[in-house]
Amino acid sequence: MTATDAGAAPVGFGRMHRKEDARFIRGHGNYVDDVNLPGMLHGAVLRSPYAHARVVSIDTSAAEAHPKVKAVITGETLAGLNLAWMPTLSYDTQAVLATDKVRFQGQEVAFVVAEDRYAARDALELIDVEYEPLPAVVDARRALDQDAPVIRDDKEDVASGTSGKHHNHIFDWEAGDKERTDEVFASAEVVVGQDILYPRVHPAPLETCGAVADFDKVTGKLTLWCTSQAPHAHRTVYALVAGLPEHKIRVISPDIGGGFGNKVGIYPGYVCAIVGSIVTGHPVKWVEDRSENLMSTSFARDYHMRGEIAATRDGKILGVRVDVIADHGAFNGTAQPTKFPAGFFHVFTGSYDLAAAHCKVTGVYTNKAPGGVAYACSFRVTEAAYLVERIVDILAYKLEMDPAELRMRNLLRPEQFPYATPTGWEYDSGDYPNALQLAMDIAGYEDLRREQAEQRGRFERGEDGHLVGIGLSFFTEAVGAGPRKHMDILGLGMADGAELGVHPTGKAVLRISVQTQGQGHETTYAQIVAEELGIPPDDIEVVHGDTDQTPFGLGTYGSRSTPVSGAATAVVARKVRERARLVASAMLEVDPADLEWEKGRWYVKGNPSEAKTIQEIALAAHGTLELPEGVEGHLDATTVYNPPNLTFPFGAYICVVDVDPGTGAVKVRRFIAVDDCGVRINPTIVEGQVHGGLADGIGMALMQVMAFDPEGNHLGASFMDYLLPTSMECPHWELGETVTPSPHHPIGAKGVGESATVGSPAAVVNAVIDALRPLGVVHADMPLTPAAVWRAAQGSPLRTDLAIA
Amino acid sequence: MPSITVSVNGQEYAGEVEARLLLVHYLRDHLGLTGTHWGCDTSNCGTCVVWLDGVPVKSCTVLAVMADGHTVDTVEGLERNGELDPVQQGFVECHGLQCGFCTPGMLMTARWLLNHNPDPSEHEIREAISGQSCRCTGYENIVRSVRWAAEHGGKEAAGPESGLEAEEVPA
């Protein structure tokens, strides 16, 4: 039995086994921590125990005296190299190693390089840091108080005190028409408002972040194996930060053990590993532990929202307006297109036809780790989808209307596409009512409501202490950043390159810039080429994850791989196909215009037996055949794909829960997910992506607490405290699909990696709140742990972002 | 430093280790068996699961010296004579992995489960892997993969010298 003999692979789209699995099931993956170089040393980071403190002194002498220690690096060392601070992806600065103050618990203070990883950790204990503790800003809603401690006193505009900006204030950002929206609200028959928290969560990929840096003093070349979702962007940033010439930097992202946005940013540990290698002349490996991962790397969300919805009494939704306090932590390090400091949050109008909408987002500093855009959020579409789907449910509650009926009445209709939203998006395509109806059919919605009514009756008669909840959500995703005119990260336009070469024997090599973290790119991108050229996927090698071997591109996050690099792959394959046509015309001695394509060969119109296969053409293109004027030999092409618009996948989700209000325990009984991501390249992989996102929804909605105490201590810094969903909390997922191709994508695909993470939390929360309806509960914030549910049932909901008082 | 002798995947390894060295680091850094991963330090994630004397353990909370004189089986030992174990094939057939990081631990637990319960129900599979995290698959296809293995030769005790009590392990 082998991994390759089971199941015939389609020559193109369809279900096929993943090519990458052969190594993973044998334990032969090659992750960063598997890289082992001769003479390699190991690094470890000393971190701050305080959320906010002045660094008075750092004594490294005892650590330096440790027999296995090769170097101790502090902020002072780095300052000498002008590397103590580095730019973030949001045009702020971030300390690599603290010099003046520490600003969150777990912040990097010093870096030890030693002969082995245990010795490096030992030496951390020998570093003596004197701190002067300062009061911390923990509650984002108090960050702008006049008496709030100043976090970023390193920033000039604060020192001057004349900018008019509050010291913990980062930005204000608005979208939509405020005046028009206020008019709609002023004249509306019904207005409902709710404070809604999308709490801080962490993506927690199973593999933590790490790097192996190897600087060759002779050639001046730096090779960096790194857990990066965006190797090309990282290379450019290193060139800008460290002043190393870009052609002397090679970033290799080998196998990545899950990313989910956690591996987009550049972390101090990576920079320290590089400096460590330069200083010691040896390769240096640094791999963070789980607590370091949870405490210091990109968290997600932390949006404190006030949402309002306006409607008519009979349930026509007219407008939505939102005010947000966005907790960005101690450094503004969010990773999103530059012009969108709140990401794509302004897609909060969701899937509905509204007269007007407006949002205002205020970013603030707090004494917590930096981040905010991560965890499969599609640049904050998670927060937007959750907000609108929660508040639509609250409207249904207020109107005493079934939430499915309210949604069905207000969903955009197929004939309204392309649809211009009140906040500036143009949704490409969709058939929303069809997807919702399919989800309701799969769920047996009417029967569920009947069962719920009977159960409520028993509950109210005191015959049964349990309640049943049914929650819906309908989401519209916005993915595939993006058109380079509007979207860049640190000035790098978000277009992706692709290179395709067909060898003389008809085997092909595709080189792409995006970086799989489990999405199966080696398989699906081969399938795209197969679909376009008729070369079997097993004859196509997909090269990625190495900046020396692949064209430039912005990487994999925001579900952008298929919308951008998938499109680039289709386009470059079509270029090769057109070159093949010219070669075939020379081979067949006919005019190119007289040739027709069918998968895998060019044939003469009206005479299908007169044909050349792509393999024959490849050989001829490398051979002695005399080619037409202006046609170069060989069979290859390059492209850079600049997407004309985002793509807008969507879906309808229904969650059924059993709740025990006496204990607060929630059991997810069923979850139905209908997704429309346009054309599916490999349906098996699409379904796998959805499954994972649905589990995220269970975790975020019910389990994953990342709270802070008044001193800024992180209360979720291990997997014993930050609970991930296991096989026991996850139900069997019931999937459905509709297919509405994107009209502007070459193969009609839309991207799906984050859809379920975006769509599922609202369905779970709506189900729990629906269950608690007999107790008068209108809203409670995630995560709905037993404590949070119980407190909501008691009428005193928790602030889930703060330690329980 | 203590000297230890450990049989890993049927091969004996002897050497000196620090008394505090974790088994996961011994396997990865000393023996180069990097198929076993490390993920959390707290015995929660299970990506480090190997067998110690035929029983799944989380090798991040076992000291290498505790394996002295004992038998360890890792994911690298599942394939035998070029033949994949049915659980390995099941994960390929049913898309039971994405990033692959949890996979070795899942495979070792799945193999152990099938040796002790050749025809497990969905619930029994979920219970068996409940001490292990997967961040990609939502577990659905892992459950299917184990079922596939049960239905395709998984009932035969394939894989490592499986499920034997310590005293029964061949020398």
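Residues numbered from 1 in each chain as written. Chains lettered and ligands numbered in written order. Predicted model: local features only at pLDDT ≥ 70, side-chain atom pairs only at ≥ 80, totals over all residues.

**Concerning the overall build of chain A**
The secondary structure content of chain A amounts to 19 helices and 34 strands. Along the longest, intermediate and shortest principal axes, the C-alpha atoms of chain A span 80 × 75 × 55 Å. A burial count over chain A gives 60% of its 805 residues as buried. Of all intrachain contacts in chain A linking residues separated by at least 6 positions in sequence, the fraction that spans at least 24 positions is 78%. (Helix = DSSP H or I, 4+ residues; strand = E, 2+ residues; numbered from the N terminus. Buried ≥ 20, exposed ≤ 12 C-beta atoms within 10 Å, placed from the backbone. Contact = placed C-beta atoms within 7 Å.)

**A closer look at the overall build of chain B**
Secondary structure summary: chain B contains 5 helices and 5 strands in total. Starting at the N terminus, the α and β elements of chain B follow one another as β-β-α-β-β-β-α-α-α-α. Here chain B holds 171 residues, and 61% of them are scored as buried. Here the analysis covers contacts within chain B between residues at least 6 apart in sequence; of these, 63% occur between residues at least 24 apart.

**Focus on unusual backbone geometry**
Residues and elements named next belong to chain A. Geometrically, the link from Ala-481 to Gly-482 is a cis peptide bond, its omega value of -20° lying close to zero. Pro-783 follows Met-782 through a cis peptide bond whose omega is -15°. Summarising the element assignment, Pro-783 is placed in the loop between helix 18 (755-771) and helix 19 (786-793). At Asn-82, a residue that is not glycine, the phi angle is positive and equals roughly 60°. Mapped onto the fold, Asn-82 is located in the loop between helix 3 (75-80) and strand 4 (85-87). Judged by the 10 C-beta atoms lying within 10 Å of it, Asn-82 falls in the exposed class. Here Arg-301, not a glycine, exhibits a phi torsion of approximately 65°, which is positive. Mapped onto the elements of the fold, Arg-301 is located in the loop between strand 15 (299-300) and strand 16 (303-311). Residue classification places Arg-301 among the buried residues on the basis of 28 C-beta atoms within 10 Å.

**Brief notes about the interface of chain A and chain B**
Reports of interface size often rely on the accessible area that becomes lost once the parts have come together. Across the contact, 47 residues belong to chain A and 42 residues belong to chain B. Among the secondary structure elements, those contributing two or more residues to the side of chain A that touches chain B are helix 1 (21-24) and helix 17 (683-702) of chain A. Residue contributions to the side of chain A that touches chain B peak at 7 residues, all from helix 17 of chain A.

**A few points about the sheet that holds strand 32 (residues 650-660) of chain A**
All names here are of chain A. Pairing within the open sheet is mixed, and its 4 strands lie in the order 22-32-33-34. Sheet topology places strand 22 (467-476) and strand 34 (733-737) at the edges, where each strand pairs with a single neighbour. Strand-to-strand twist in this sheet, taken as the mean axis angle between neighbours without regard to direction, amounts to 15°. Pairing between strand 32 and strand 33 (residues 665-676): 11 bridges, direction antiparallel. Paired with Cys-655 across the strands is Phe-671, a residue of strand 33. Sheet contacts for helix 13 (residues 445-460): strand 22 and strand 32; angle to strand 22, the most-contacted strand, approximately 140°. (Pairing = 2+ DSSP bridges. Axes fitted to C-alpha atoms, helices over the stretch in contact; angles between N-to-C directions.)

**Considering the confidence of the model for chain A**
When pLDDT is averaged along chain A, the result is 96, and 98% of the positions lie at 70 or above. Confidence drops under pLDDT 50 across residues 1-6 of chain A; counting only partners more than four residues distant or on other chains, this segment forms 13 contacts. (pLDDT = per-residue confidence, 0-100.)

**Here's the deal with the sheet that holds strand 26 (residues 508-512) of chain A**
Residues and elements named next belong to chain A. One open sheet accounts for 4 strands, arranged 27-26-25-31; its pairing is mixed. Because the sheet does not close on itself, it has two edges, and the strands there are strand 27 (540-543) and strand 31 (635-641). Geometrically, the sheet is characterised by an average inter-axis angle of 15° between neighbouring strands, direction not taken into account. As defined by bridge partners, strand 25 (residues 496-502) adjoins strand 26 across 5 bridges and the pair is classed as antiparallel. Bridging across to strand 26, Ala-498 finds its partner in Ile-512.

**Focus: the nonpolar core**
With 314 residues, the main nonpolar core has Val-112, Val-529 and Val-768 of chain A as its most contacted residues. Each residue touching Val-112 of chain A, except ones within four places of it in the same chain, is listed here: Gly-43, Ala-44, Ala-63, Val-69, Val-72, Ala-120, Ala-123 and Leu-124 of chain A. (Core = buried A, V, L, I, M, F, W, Y, C linked by C-beta atoms within 7 Å.)

**Quick notes on the environment of Leu-490 of chain A**
Residues and elements named next belong to chain A. Secondary-structure assignment places Leu-490 in the loop between strand 23 (488-489) and strand 24 (492-493). On the basis of neighbour count, Leu-490 is assigned to the partly exposed category, with 15 C-beta atoms found within 10 Å. For the pair Leu-490 and Leu-582, spaced 92 residues apart in sequence, the C-alpha to C-alpha distance is 41 Å. Setting aside chain neighbours within four positions, we find Leu-490 in contact with Leu-89 and Val-237.

**Some points on the pairing of strand 2 (residues 11-16) of chain B**
Counting buried residues in strand 2 of chain B gives 0 out of 6 residues, a small share hidden from the surface. The turn linking strand 1 (residues 3-8) of chain B back onto strand 2 of chain B is made up of 2 residues, and Asn-9 of chain B within it adopts a positive phi angle of 50°.

**Describing the packing of helix 10 (residues 381-399) of chain A against helix 18 of chain A**
Residue and element names in this part refer to chain A. The interhelical angle for the contact between helix 10 and helix 18, taken along N-to-C directions, is 30°, at an axis separation of 8 Å. When the interaxial angle is binned, helix 10 and helix 18 end up roughly parallel. As for the relative orientation of helix 10 and helix 18, their crossing is right-handed in sense. Along its contact with helix 10, which presents Val-381, Thr-382, Ala-385, Tyr-386, Glu-389, Arg-390 and Asp-393, the element helix 18 presents Thr-757, Val-758, Gly-759, Pro-761, Ala-762, Val-765, Asn-766 and Ile-769. (Parallel < 35°, antiparallel > 145°, perpendicular 65-115°, else oblique. Left-handed = near helix turned anticlockwise from the far one by under 90°.)

**So, the pairing of strand 16 of chain A**
Residue and element names in this part refer to chain A. Along strand 16, 7 of the 9 residues are buried, which leaves the element largely enclosed by surrounding structure. As defined by bridge partners, strand 16 adjoins strand 17 (residues 317-327) across 9 bridges and the pair is classed as antiparallel. From the neighbouring strand, Met-305 faces strand 17, where its bridge partner is Val-324. The loop that links strand 16 with its antiparallel partner strand 17 comprises 5 residues; one of these, Gly-315, has a positive phi angle of about 95°.

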